[in-house]
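The primary structure of each chain is shown beneath.
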Amino acid sequence: MVRRIIVLLGALFFLAGLTWALPLHAAFSSDDGTAAGIKLKELAGTDLGSIHTSTIPEASASKQNSKSISEMEEKVILHSSYNRMLSTTDATYSNSVTAVTYDNTSPDGAVYIGPGTQTSGYITAEGESRWFLTQVDSPLKLTALMNPGAAVDYDLSLYKLDEATGILNRVSYSQKGSGQYEQLSHVAGPGYYFVLVQSYVGSDTVNPFTLYLGVSDTYDANEPDDNPWFAKNQGSTTFSSRQNIDNFLDEDWTKISLPRNAPVRLLLNNTSAYGVYRLDLYDGNLGSLGYLDQNTQGQVQLPAGDYYIRVWAPSSFDLTTPYTLSVSYQAADVARVSIDNITTDGGVQGFIDYGYGDKWRIKSNILISGRAFDASGNPVANAPVTAALRVTINQQIFQASTTTDSLGYFSVSLNNLTPAAGNYSYYNNGLSIHYFDIIPIVFFSGDKQVTANINSLYHFAYQIRA
């Protein structure tokens, strides 16, 4: 009869575990994608666990890799100014957000825009260019943001003037898809910089594009990384990166490459009381795969290929406090766990037989140690493991999660368990009577329950001397 009760409890525990065992996979949030004046394209949502679908910019595969037509040149000759020192007074000045059609279709007619200001303009024909000029007096990070203002495909490039030769050398660029903002950054030394807004497809004489230039005198070592073309390439190795968001437009992009189908674990940790950050995940063509809120851990199964991660500040940033981006990979799915040891408080630790088979005896606080294996019996590294149990009083559920190490080992703690009711008893060689409960325990990896070498515990309540 007792064994039937245990089996029934285990079955009920399994069914209930499908709904309560793993809060890792939260409900998905909608997002209009509008932050800091950037209008993003709304995409359909798909369930990726705790990674939320998001409104994230896209780019076509051809633009992400290379352009076949209307290629922005790596070098441009500044014809009229190559033989003299260029002064900002020689260029048309604009510090207005009112859109005007300037005669700035070549570098020689560039419109001056000062750092920290915004201007706007029109492109009247497909393939047409608009040039802007700014001056940097001391080493700093220069950020440029261009919003096309309509469903046209405009691209953005940054050139530095070689004052000795009059040649403009391209130092940064951004080439997303139609209707998408373009953003670039460059760790700039003193000199003159030219910004090119160029039509790749389409034009619009009604809705102007806007161009903003900003500067940051403090930035992290991974800069410039404000778009996928300049993303920090982490390859396929596990990493943890500490970076700063240095201005309200700053975006930190990272590239990862998967040689095979694998689960990817993502964690964005931000200890700042002021900055609010978010992680966005893209495929190799900048198609949205979802987002992850700060101080949240998520896992997603991805096929082989290249992927991009963007960290940005939707509402506020903290220059003084870095965030940490951690990415790890799991070679295979966990099929089973083997529990090697369970320690506990109260002087009741041990693997004993109270008449219902050998089980680990626990009390209030426990530490579970074990190892995770795949279906072939190989240890699984960097895999999520969750242990969950249900006590007798009030049927309260306790659970905790961890991650396996490089050899598949893990330890997970469950603390402050509700006291046992003492529904079972055991005569200890006539010396005392031990009262206890038999409680179920299960293990998960991700949202899937895995087999284990234990399925129940003795939950010690109290003893009475004989």
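A quick note: this is a predicted structure, and the numbers were derived from the prediction, not measured.

Cut-offs used in this document
- Residues numbered from 1 in each chain as written.
- Predicted model: local features only at pLDDT ≥ 70, side-chain atom pairs only at ≥ 80, totals over all residues.
- Heavy atoms only, no water.
- Helix = DSSP H or I, 4+ residues; strand = E, 2+ residues; numbered from the N terminus.
- Buried < 20%, exposed > 50% of the residue type's maximum accessible area, 1.4 Å probe, protein only.
- Lys, Arg positive; Asp, Glu negative; His and termini not counted.
- Salt bridge = Lys/Arg side-chain N within 4 Å of Asp/Glu carboxyl O.
- Polar contact = N/O pair within 3.5 Å; in protein donor to acceptor, adjacent residues only side chain to side chain.
- Contact = heavy atoms within 4.5 Å.
- Pairing = 2+ DSSP bridges.
- Patch = residues over 30% accessible without salt bridge, like charges linked within 9 Å, V, L, I, M, F, W, Y side chains within 5 Å.
- Areas by Shrake-Rupley, 256 points an atom, 1.4 Å probe, with all protein chains shown as cover.
- Axes fitted to C-alpha atoms, helices over the stretch in contact; angles between N-to-C directions.

A word on the side chain of Arg-361
Within the secondary structure, Arg-361 is located in strand β23 (residues 358–362). Buried and without a salt bridge, Arg-361 has Asp-345 as its closest oppositely charged side chain, separated by 10 Å. A polar contact is formed between the side chain of Arg-361 and the side chain of Tyr-354, at a distance of 2.7 Å. With near-sequence residues (within four places) excluded, Arg-361 lies in contact with Thr-344, Val-348, Gln-349, Gly-350, Ile-352, Tyr-354, His-434, Tyr-458 and Phe-460.

Focus on the environment of Gly-275
You can see Gly-275 is positioned in the loop between β15 (262–270) and β16 (276–282). Residue class for Gly-275 comes out buried when judged on its relative accessible area of 2%. Ignoring any residue separated from it by four or fewer positions in sequence, one finds Gly-275 in contact with Asn-270, Gln-294, Ser-316, Phe-317 and Asp-318.

Some points on the pairing of strand β7 (residues 153–162)
Buried residues dominate β7, accounting for eight of its 10 residues. Bridge analysis of β7 against strand β10 (residues 191–201) gives eight bridges, and the strand direction is antiparallel. Bridging across to β10, Leu-156 finds its partner in Val-197. Bridge count between β7 and strand β8 (residues 167–174): seven bridges; the pairing is antiparallel. Note that in β8 the partner of Tyr-159 across the bridge is Arg-170.

So, a nonpolar patch on the surface
Taken together, Phe-248, Phe-317 and Leu-319 make up a surface patch of nonpolar side chains, about 240 Å² in accessible area. Take Leu-319: it is sitting in the loop between β19 (305–316) and β20 (323–329). Judged by relative accessible area, which is 31%, Leu-319 ranks as partly exposed.

Some remarks on the sheet that holds β20
Strand order in the open sheet formed by four strands is β13-β20-β15-β18, with antiparallel pairing between adjacent strands. A single partner strand is all that each edge strand has here, and the edge strands are β13 (239–243) and β18 (296–302). Each adjacent strand pair in this sheet contributes to an overall mean axis angle of 15 degrees, direction not counted. One ladder, built from seven bridges, connects β15 with β20; its direction is antiparallel. What sits directly across from Asn-270, in β20, is Tyr-323.

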